Amino acid sequence: MARTKKEEKRKADEQKEELSASDSDEPQKPKALQSDGGSSDESAEETPKKKSKRGPKKSASAPKAKKAKTEKDEVKAPETGAGEDTDTWTNKETDSEGRKWNLKIASWNVAGIRAVLKKNGQDYIKKEDADIVCLQEVKCKEGELPGEGRFKGYHMYWCAGMKPGYAGVALYSKEKPLSVKKGLGKPEHDEEGRVITAEYEKFYVVGTYVPNAGQGLKTLPKRLKWNTDFENYLKELDEKKPVILVGDLNVAHEEIDLANPKTNQKSAGFTKEEREGMTHLLKQGFVDTFRHLYPDKKGAYTYWTYLRNARANNTGWRLDYFVLSERLVPNVCDNVMRSKVMGSDHCPIVLFLHV
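The structure contained in this document is the topic of the report that follows.

What counts and what doesn't
Residues numbered from 1 in each chain as written. Predicted model: local features only at pLDDT ≥ 70, side-chain atom pairs only at ≥ 80, totals over all residues. Heavy atoms only, no water. Pairing = 2+ DSSP bridges. Helix = DSSP H or I, 4+ residues; strand = E, 2+ residues; numbered from the N terminus. Axes fitted to C-alpha atoms, helices over the stretch in contact; angles between N-to-C directions. Contact = heavy atoms within 4.5 Å. Core = buried A, V, L, I, M, F, W, Y, C linked by side-chain atoms within 4.5 Å. Buried < 20%, exposed > 50% of the residue type's maximum accessible area, 1.4 Å probe, protein only. Polar contact = N/O pair within 3.5 Å; in protein donor to acceptor, adjacent residues only side chain to side chain. Phe/Tyr/Trp six-rings, centres within 6.5 Å; stacked < 30°, edge-to-face > 60°.

### Side note on the sheet that holds strand 3 (residues 155–159)
Here is step 1 of the chain: Taken together, six strands build an open sheet; the order of strands is 3-4-2-1-12-11 and the sheet is mixed. At either end of the open sheet lies a strand with only one pairing partner, and these are strand 3 and strand 11 (332–337). Sheet twist, expressed as the average angle between the axes of neighbouring strands with direction ignored, equals 10°.
Here is step 2 of the chain: Bridge count for strand 3 against strand 4 (residues 169–173) is five bridges, and the pairing is antiparallel. Counted as the bridge partner of His155 is Ser173 from strand 4.
Here is step 3 of the chain: Relative to the sheet, helix 3 (residues 121–128) contacts strand 1 (103–109), strand 2 (132–136) and strand 12 (349–353), its axis offset from that of strand 1 by approximately 165°.

Rendered as C-alpha coordinates:
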(Lines give C-alpha, C1' and ligand atoms only; values in the text may rest on other atoms or scores of the structure.)
Protein backbone atom coordinates (compact mmCIF):
# COMPACT_ATOMS: atom_id res chain seq x y z
CA MET A 1 0.00 0.00 0.00
CA ALA A 2 2.88 2.41 0.72
CA ARG A 3 4.00 4.40 -2.30
CA THR A 4 7.57 4.24 -3.60
CA LYS A 5 9.59 7.37 -4.42
CA LYS A 6 9.59 6.36 -8.09
CA GLU A 7 5.76 6.19 -8.14
CA GLU A 8 5.45 9.57 -6.42
CA LYS A 9 7.84 11.20 -8.91
CA ARG A 10 5.97 9.67 -11.85
CA LYS A 11 2.62 10.94 -10.58
CA ALA A 12 4.00 14.42 -9.91
CA ASP A 13 5.31 14.58 -13.50
CA GLU A 14 1.94 13.40 -14.85
CA GLN A 15 0.05 16.04 -12.88
CA LYS A 16 2.35 18.79 -14.15
CA GLU A 17 1.62 17.69 -17.72
CA GLU A 18 -2.14 17.58 -17.05
CA LEU A 19 -2.16 21.06 -15.56
CA SER A 20 -0.13 22.59 -18.37
CA ALA A 21 -2.38 20.98 -20.99
CA SER A 22 -5.68 21.87 -19.30
CA ASP A 23 -8.18 23.88 -21.31
CA SER A 24 -10.53 24.37 -18.37
CA ASP A 25 -11.83 27.79 -17.38
CA GLU A 26 -10.14 27.28 -14.00
CA PRO A 27 -6.45 26.44 -14.66
CA GLN A 28 -4.52 24.35 -12.14
CA LYS A 29 -7.70 23.09 -10.49
CA PRO A 30 -10.18 20.28 -11.19
CA LYS A 31 -13.18 21.33 -13.28
CA ALA A 32 -15.76 23.29 -11.34
CA LEU A 33 -18.42 20.80 -10.32
CA GLN A 34 -21.95 22.07 -9.95
CA SER A 35 -24.95 20.62 -8.13
CA ASP A 36 -28.55 21.29 -8.96
CA GLY A 37 -30.31 20.59 -5.74
CA GLY A 38 -29.93 19.61 -2.10
CA SER A 39 -29.52 16.10 -0.78
CA SER A 40 -30.39 14.56 2.54
CA ASP A 41 -30.56 11.15 4.14
CA GLU A 42 -34.21 10.96 3.13
CA SER A 43 -33.99 12.09 -0.50
CA ALA A 44 -33.64 9.93 -3.59
CA GLU A 45 -31.27 10.94 -6.37
CA GLU A 46 -32.69 13.37 -8.87
CA THR A 47 -31.64 13.87 -12.47
CA PRO A 48 -29.45 17.00 -12.68
CA LYS A 49 -30.81 20.00 -14.50
CA LYS A 50 -29.40 20.86 -17.88
CA LYS A 51 -26.27 22.99 -17.67
CA SER A 52 -26.28 26.45 -19.11
CA LYS A 53 -24.01 27.04 -22.10
CA ARG A 54 -20.52 28.32 -21.39
CA GLY A 55 -18.94 31.22 -23.14
CA PRO A 56 -15.62 31.08 -25.00
CA LYS A 57 -12.73 29.45 -23.16
CA LYS A 58 -10.21 31.76 -21.56
CA SER A 59 -6.48 31.31 -21.56
CA ALA A 60 -4.73 30.45 -18.29
CA SER A 61 -3.07 33.88 -18.22
CA ALA A 62 -6.07 36.03 -19.14
CA PRO A 63 -7.79 37.76 -16.19
CA LYS A 64 -11.44 36.91 -15.61
CA ALA A 65 -14.15 39.48 -16.09
CA LYS A 66 -15.90 40.30 -12.85
CA LYS A 67 -19.48 39.13 -12.55
CA ALA A 68 -22.10 38.72 -9.88
CA LYS A 69 -21.82 35.36 -8.15
CA THR A 70 -24.83 33.08 -8.06
CA GLU A 71 -25.54 29.78 -6.29
CA LYS A 72 -24.43 27.96 -9.45
CA ASP A 73 -21.07 29.69 -9.74
CA GLU A 74 -17.95 28.10 -8.33
CA VAL A 75 -17.14 30.20 -5.29
CA LYS A 76 -13.88 30.68 -3.46
CA ALA A 77 -14.61 29.23 -0.06
CA PRO A 78 -12.94 30.92 2.92
CA GLU A 79 -9.52 29.48 3.65
CA THR A 80 -9.56 26.69 6.20
CA GLY A 81 -5.91 27.03 7.15
CA ALA A 82 -5.79 23.27 7.58
CA GLY A 83 -3.07 22.28 5.17
CA GLU A 84 -5.24 23.23 2.19
CA ASP A 85 -4.31 25.30 -0.82
CA THR A 86 -6.55 24.13 -3.62
CA ASP A 87 -4.50 25.83 -6.33
CA THR A 88 -1.39 23.81 -5.50
CA TRP A 89 -2.98 21.27 -3.12
CA THR A 90 -0.27 21.43 -0.51
CA ASN A 91 -0.40 19.53 2.76
CA LYS A 92 1.85 18.70 5.67
CA GLU A 93 4.36 16.15 4.42
CA THR A 94 5.48 14.42 7.62
CA ASP A 95 4.06 12.95 10.80
CA SER A 96 5.01 13.85 14.38
CA GLU A 97 8.22 11.81 14.07
CA GLY A 98 9.30 13.37 10.76
CA ARG A 99 8.27 10.43 8.57
CA LYS A 100 6.90 11.32 5.12
CA TRP A 101 3.36 10.27 4.21
CA ASN A 102 3.03 7.25 1.91
CA LEU A 103 -0.72 6.58 2.14
CA LYS A 104 -3.52 8.89 1.00
CA ILE A 105 -7.20 8.20 1.73
CA ALA A 106 -9.97 10.37 0.27
CA SER A 107 -13.60 10.52 1.34
CA TRP A 108 -16.57 12.25 -0.32
CA ASN A 109 -20.31 12.23 0.23
CA VAL A 110 -21.26 12.61 -3.43
CA ALA A 111 -25.04 12.90 -2.87
CA GLY A 112 -25.62 10.70 -5.93
CA ILE A 113 -22.64 9.42 -7.90
CA ARG A 114 -24.41 9.44 -11.27
CA ALA A 115 -25.22 13.12 -10.85
CA VAL A 116 -21.63 13.90 -9.80
CA LEU A 117 -20.20 12.03 -12.78
CA LYS A 118 -22.36 14.12 -15.11
CA LYS A 119 -20.60 17.14 -13.63
CA ASN A 120 -17.13 15.66 -14.23
CA GLY A 121 -16.66 14.39 -10.69
CA GLN A 122 -14.26 11.80 -12.07
CA ASP A 123 -11.79 14.65 -12.71
CA TYR A 124 -11.44 15.14 -8.96
CA ILE A 125 -10.97 11.42 -8.28
CA LYS A 126 -8.28 11.17 -10.94
CA LYS A 127 -6.42 14.29 -9.82
CA GLU A 128 -6.49 13.36 -6.13
CA ASP A 129 -5.02 9.97 -7.03
CA ALA A 130 -5.64 8.62 -3.54
CA ASP A 131 -4.64 5.08 -2.61
CA ILE A 132 -8.10 4.48 -1.15
CA VAL A 133 -11.30 6.38 -2.02
CA CYS A 134 -14.45 6.07 0.09
CA LEU A 135 -17.74 7.46 -1.24
CA GLN A 136 -20.99 7.90 0.61
CA GLU A 137 -24.58 8.39 -0.51
CA VAL A 138 -23.85 6.89 -3.94
CA LYS A 139 -27.60 6.31 -4.46
CA CYS A 140 -27.33 3.51 -7.00
CA LYS A 141 -26.56 -0.17 -7.34
CA GLU A 142 -23.25 -1.30 -8.82
CA GLY A 143 -24.93 -2.43 -12.04
CA GLU A 144 -26.35 1.08 -12.56
CA LEU A 145 -22.95 2.77 -12.35
CA PRO A 146 -21.81 4.48 -15.58
CA GLY A 147 -18.50 3.38 -17.06
CA GLU A 148 -16.75 6.61 -16.08
CA GLY A 149 -17.33 5.65 -12.43
CA ARG A 150 -15.06 2.60 -12.79
CA PHE A 151 -11.62 4.08 -12.31
CA LYS A 152 -8.58 2.47 -13.91
CA GLY A 153 -6.07 1.09 -11.42
CA TYR A 154 -8.62 0.58 -8.62
CA HIS A 155 -10.39 -2.45 -7.19
CA MET A 156 -14.01 -1.39 -6.61
CA TYR A 157 -16.35 -2.55 -3.85
CA TRP A 158 -20.00 -1.55 -3.65
CA CYS A 159 -22.60 -1.68 -0.87
CA ALA A 160 -25.96 -0.39 -2.08
CA GLY A 161 -29.17 -0.01 -0.14
CA MET A 162 -32.31 -1.93 -1.02
CA LYS A 163 -34.30 1.27 -1.56
CA PRO A 164 -33.59 2.72 -5.03
CA GLY A 165 -31.80 6.07 -5.12
CA TYR A 166 -31.04 6.02 -1.39
CA ALA A 167 -27.87 5.88 0.74
CA GLY A 168 -25.18 3.38 -0.31
CA VAL A 169 -21.39 3.44 0.09
CA ALA A 170 -18.46 2.46 -2.11
CA LEU A 171 -14.74 1.85 -1.68
CA TYR A 172 -12.02 2.02 -4.35
CA SER A 173 -8.56 0.68 -3.54
CA LYS A 174 -5.36 0.49 -5.56
CA GLU A 175 -4.18 -2.43 -3.44
CA LYS A 176 -6.54 -5.35 -3.24
CA PRO A 177 -7.73 -5.72 0.38
CA LEU A 178 -7.25 -8.97 2.25
CA SER A 179 -11.01 -9.08 2.71
CA VAL A 180 -14.08 -6.88 2.32
CA LYS A 181 -17.22 -6.98 4.45
CA LYS A 182 -20.49 -5.21 3.70
CA GLY A 183 -22.69 -4.09 6.58
CA LEU A 184 -22.60 -4.68 10.32
CA GLY A 185 -24.30 -8.07 10.31
CA LYS A 186 -27.54 -6.47 11.51
CA PRO A 187 -30.43 -6.44 8.99
CA GLU A 188 -32.05 -3.30 10.40
CA HIS A 189 -28.95 -1.34 9.41
CA ASP A 190 -27.55 -3.36 6.53
CA GLU A 191 -30.54 -3.09 4.20
CA GLU A 192 -29.69 0.60 3.75
CA GLY A 193 -26.10 0.09 2.58
CA ARG A 194 -24.23 2.14 5.16
CA VAL A 195 -20.96 0.36 5.94
CA ILE A 196 -18.16 -1.24 3.96
CA THR A 197 -15.02 -2.58 5.68
CA ALA A 198 -11.76 -3.34 3.91
CA GLU A 199 -9.06 -5.26 5.75
CA TYR A 200 -5.41 -4.58 4.96
CA GLU A 201 -2.24 -6.00 6.46
CA LYS A 202 -1.80 -3.28 9.08
CA PHE A 203 -5.29 -1.79 9.53
CA TYR A 204 -8.99 -1.77 8.69
CA VAL A 205 -10.66 0.97 6.66
CA VAL A 206 -14.35 1.39 7.51
CA GLY A 207 -16.28 3.55 5.07
CA THR A 208 -19.63 4.66 6.45
CA TYR A 209 -22.67 6.85 5.93
CA VAL A 210 -24.30 7.29 9.35
CA PRO A 211 -28.12 7.62 9.49
CA ASN A 212 -29.55 11.11 9.85
CA ALA A 213 -31.81 11.90 12.82
CA GLY A 214 -34.37 13.19 10.32
CA GLN A 215 -36.61 16.20 9.99
CA GLY A 216 -38.17 16.91 13.34
CA LEU A 217 -35.79 14.27 14.80
CA LYS A 218 -38.28 11.57 13.81
CA THR A 219 -35.52 8.99 13.30
CA LEU A 220 -33.39 9.96 16.30
CA PRO A 221 -34.17 6.66 18.14
CA LYS A 222 -32.95 4.74 15.07
CA ARG A 223 -29.82 6.88 15.01
CA LEU A 224 -29.06 6.21 18.68
CA LYS A 225 -29.50 2.45 18.18
CA TRP A 226 -27.09 2.71 15.26
CA ASN A 227 -24.56 4.52 17.45
CA THR A 228 -24.50 1.66 19.95
CA ASP A 229 -24.27 -1.11 17.37
CA PHE A 230 -21.67 0.70 15.26
CA GLU A 231 -19.47 1.54 18.24
CA ASN A 232 -19.48 -2.12 19.30
CA TYR A 233 -18.53 -3.12 15.75
CA LEU A 234 -15.57 -0.70 15.68
CA LYS A 235 -14.35 -1.87 19.08
CA GLU A 236 -14.38 -5.49 17.91
CA LEU A 237 -12.29 -4.56 14.88
CA ASP A 238 -9.92 -2.46 16.98
CA GLU A 239 -9.12 -5.48 19.15
CA LYS A 240 -7.65 -7.17 16.05
CA LYS A 241 -5.82 -4.29 14.34
CA PRO A 242 -6.09 -0.47 14.11
CA VAL A 243 -9.15 1.10 12.54
CA ILE A 244 -9.44 4.03 10.13
CA LEU A 245 -13.06 5.20 10.18
CA VAL A 246 -13.91 7.24 7.10
CA GLY A 247 -17.03 9.08 6.01
CA ASP A 248 -20.11 11.15 6.75
CA LEU A 249 -20.83 10.69 10.45
CA ASN A 250 -23.78 13.12 10.33
CA VAL A 251 -22.83 14.96 13.51
CA ALA A 252 -21.10 18.25 14.26
CA HIS A 253 -19.37 17.22 17.46
CA GLU A 254 -18.64 20.57 19.09
CA GLU A 255 -19.90 24.14 18.69
CA ILE A 256 -16.77 24.97 16.70
CA ASP A 257 -17.89 22.42 14.09
CA LEU A 258 -20.80 24.45 12.70
CA ALA A 259 -21.42 28.08 11.90
CA ASN A 260 -24.58 28.61 13.98
CA PRO A 261 -24.53 26.38 17.07
CA LYS A 262 -26.96 28.46 19.14
CA THR A 263 -29.81 28.15 16.64
CA ASN A 264 -29.26 24.45 15.92
CA GLN A 265 -29.44 22.89 19.38
CA LYS A 266 -32.46 20.81 18.32
CA SER A 267 -31.42 20.23 14.72
CA ALA A 268 -30.49 16.80 13.36
CA GLY A 269 -26.74 16.45 13.55
CA PHE A 270 -26.32 18.70 16.57
CA THR A 271 -28.63 17.32 19.22
CA LYS A 272 -27.30 16.64 22.70
CA GLU A 273 -27.82 12.91 22.15
CA GLU A 274 -25.90 12.75 18.86
CA ARG A 275 -23.01 14.80 20.19
CA GLU A 276 -22.81 12.66 23.32
CA GLY A 277 -22.71 9.59 21.07
CA MET A 278 -19.67 10.98 19.30
CA THR A 279 -18.01 11.84 22.60
CA HIS A 280 -18.61 8.30 23.85
CA LEU A 281 -17.09 6.79 20.70
CA LEU A 282 -13.94 8.89 21.08
CA LYS A 283 -13.60 7.72 24.68
CA GLN A 284 -13.32 4.12 23.45
CA GLY A 285 -9.83 4.69 22.12
CA PHE A 286 -10.53 6.63 18.93
CA VAL A 287 -9.38 10.09 17.80
CA ASP A 288 -10.92 12.75 15.55
CA THR A 289 -7.82 13.48 13.48
CA PHE A 290 -8.86 16.92 12.27
CA ARG A 291 -9.41 18.26 15.78
CA HIS A 292 -6.24 16.51 16.94
CA LEU A 293 -4.28 18.51 14.36
CA TYR A 294 -6.33 21.72 14.43
CA PRO A 295 -8.07 21.96 17.84
CA ASP A 296 -8.99 25.64 17.58
CA LYS A 297 -9.56 26.06 13.84
CA LYS A 298 -12.85 27.83 13.10
CA GLY A 299 -14.74 27.95 9.81
CA ALA A 300 -13.58 24.49 8.71
CA TYR A 301 -16.66 22.76 7.30
CA THR A 302 -17.47 19.90 4.93
CA TYR A 303 -21.21 20.42 4.33
CA TRP A 304 -23.31 23.41 3.29
CA THR A 305 -27.03 23.55 2.59
CA TYR A 306 -28.01 24.82 -0.85
CA LEU A 307 -30.23 27.43 0.79
CA ARG A 308 -29.33 31.09 1.43
CA ASN A 309 -26.03 30.94 -0.48
CA ALA A 310 -24.56 29.02 2.46
CA ARG A 311 -21.45 27.76 0.72
CA ALA A 312 -20.43 31.18 -0.58
CA ASN A 313 -20.84 32.55 2.94
CA ASN A 314 -19.22 29.47 4.52
CA THR A 315 -22.25 28.86 6.71
CA GLY A 316 -21.54 25.18 7.10
CA TRP A 317 -21.14 22.09 9.23
CA ARG A 318 -18.24 19.65 9.72
CA LEU A 319 -19.96 16.29 9.25
CA ASP A 320 -17.23 14.28 7.49
CA TYR A 321 -14.40 12.70 9.47
CA PHE A 322 -11.33 10.53 9.65
CA VAL A 323 -11.47 8.88 13.08
CA LEU A 324 -8.52 6.62 13.92
CA SER A 325 -7.53 4.16 16.59
CA GLU A 326 -5.31 5.99 19.08
CA ARG A 327 -2.24 3.96 18.23
CA LEU A 328 -2.35 5.20 14.62
CA VAL A 329 -2.43 8.90 15.54
CA PRO A 330 1.40 9.33 15.58
CA ASN A 331 1.33 8.27 11.91
CA VAL A 332 -0.96 11.10 10.82
CA CYS A 333 0.64 13.75 8.62
CA ASP A 334 -2.39 15.83 7.67
CA ASN A 335 -6.17 15.96 7.26
CA VAL A 336 -7.35 18.46 4.63
CA MET A 337 -10.65 19.65 3.17
CA ARG A 338 -11.06 20.17 -0.57
CA SER A 339 -13.58 22.95 -0.06
CA LYS A 340 -13.35 24.22 -3.65
CA VAL A 341 -14.38 20.90 -5.19
CA MET A 342 -18.02 21.26 -6.14
CA GLY A 343 -20.67 18.78 -7.27
CA SER A 344 -22.24 17.84 -3.93
CA ASP A 345 -23.42 19.63 -0.82
CA HIS A 346 -20.36 18.04 0.84
CA CYS A 347 -16.72 18.57 -0.12
CA PRO A 348 -14.10 15.80 -0.18
CA ILE A 349 -11.71 15.34 2.74
CA VAL A 350 -8.27 13.72 2.52
CA LEU A 351 -6.06 11.96 5.08
CA PHE A 352 -2.27 11.64 4.73
CA LEU A 353 -0.56 8.90 6.74
CA HIS A 354 2.80 7.22 7.13
CA VAL A 355 2.33 3.46 7.43
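### Quick look at the nonpolar core
Here is step 1 of the chain: Ile105, Ile132, Leu171, Val205, Ile244 and Leu324 are the most contacted members of the largest nonpolar core, which has 33 residues in total.
Here is step 2 of the chain: Broken down by element, the residue count for this core peaks at three residues, all from strand 12.
Here is step 3 of the chain: Apart from residues no more than four positions distant in its own chain, Ile105 is found in contact with Ala130, Ile132, Val205, Ile244, Val246, Phe322, Ile349, Val350 and Leu351.
Here is step 4 of the chain: One finds Trp108, Ala130, Tyr154 and Val350 within the second-largest nonpolar core, a separate group that totals 27 residues.

### Some thoughts on the sheet that holds strand 6 (residues 195–199)
Here is step 1 of the chain: Spatially, the six strands line up as an open sheet ordered 5-6-7-8-10-9, and their pairing is mixed. This sheet does not close on itself; its edge strands, each paired only once, are strand 5 (179–182) and strand 9 (286–288). Strand-to-strand twist of the sheet, defined as the mean angle between neighbouring strand axes without regard to direction, takes the value 20°.
Here is step 2 of the chain: Two elements, strand 7 (residues 204–209) and strand 8 (residues 243–248), share six bridges in a ladder whose sense is parallel. Bridge pairing in strand 8 links Val206 to Leu245.
Here is step 3 of the chain: Helix 5 (residues 220–238) contacts strand 5, strand 6, strand 7, strand 8, strand 9 and strand 10 (320–325) of the sheet and is inclined by roughly 170° relative to strand 7.
Here is step 4 of the chain: Together, strand 8, strand 9 and strand 10 form the strand contacts of helix 6 (residues 272–282), whose direction differs from that of strand 9 by roughly 125°.

### What about the side chain of Arg194?
Here is step 1 of the chain: Summarising the element assignment, Arg194 is placed in the loop between helix 4 (187–190) and strand 6.
Here is step 2 of the chain: Judged by relative accessible area, which is 1%, Arg194 ranks as buried.
Here is step 3 of the chain: Of the polar contacts made by the side chain of Arg194, one reaches the side chain of Tyr166; its length is 3.2 Å.

### Brief notes about unusual backbone geometry
Here is step 1 of the chain: With phi around 55°, Arg308 is a residue other than glycine that occupies positive phi space.
Here is step 2 of the chain: The topology assignment puts Arg308 in the loop between helix 7 (289–293) and strand 10.
Here is step 3 of the chain: In this structure Arg308 comes out as exposed when scored by relative accessible area, which is 69%.

### So, helix 3
Here is step 1 of the chain: Within helix 3, six of the eight residues are buried, which leaves it mostly tucked inside the rest of the structure.
Here is step 2 of the chain: Every buried residue belonging to helix 3 is among Gly121, Gln122, Tyr124, Ile125, Lys127 and Glu128, and all of these are buried.
Here is step 3 of the chain: Once helix 3 finishes, Asp129 follows within two positions and takes phi at roughly 55°, a positive value.

### Focus: the packing of aromatic side chains
What describes a pair of aromatic rings is the distance from one ring centre to the other and the angle between the planes of the rings.
Here is step 1 of the chain: Scanning the entire structure with this criterion turns up nine aromatic pairs.
Here is step 2 of the chain: Summarising the aromatic geometry, the rings of Trp101 and Phe352 are spaced 5.0 Å apart at their centres and angled 75° between planes, so their arrangement reads as edge-to-face. Linking Trp101 in the loop between helix 1 (5–21) and strand 1 with Phe352 in strand 12, this pair joins segments that are 251 residues apart in sequence. Residue Trp101 shares its accessibility class with Phe352, and that shared class is buried.
Here is step 3 of the chain: On the numbers, 6.5 Å between centres and 85° between planes, the contact of Trp158 with Tyr172 is edge-to-face. Here the residue Trp158 occupies a position in strand 3, and Tyr172 occupies one in strand 4, the gap between them amounting to 14 residues. Like Trp158, the residue Tyr172 is buried in the burial classification.
Here is step 4 of the chain: Members of the aromatic cluster, joined through ring pairs, are Phe151, Tyr154, Trp158 and Tyr172.

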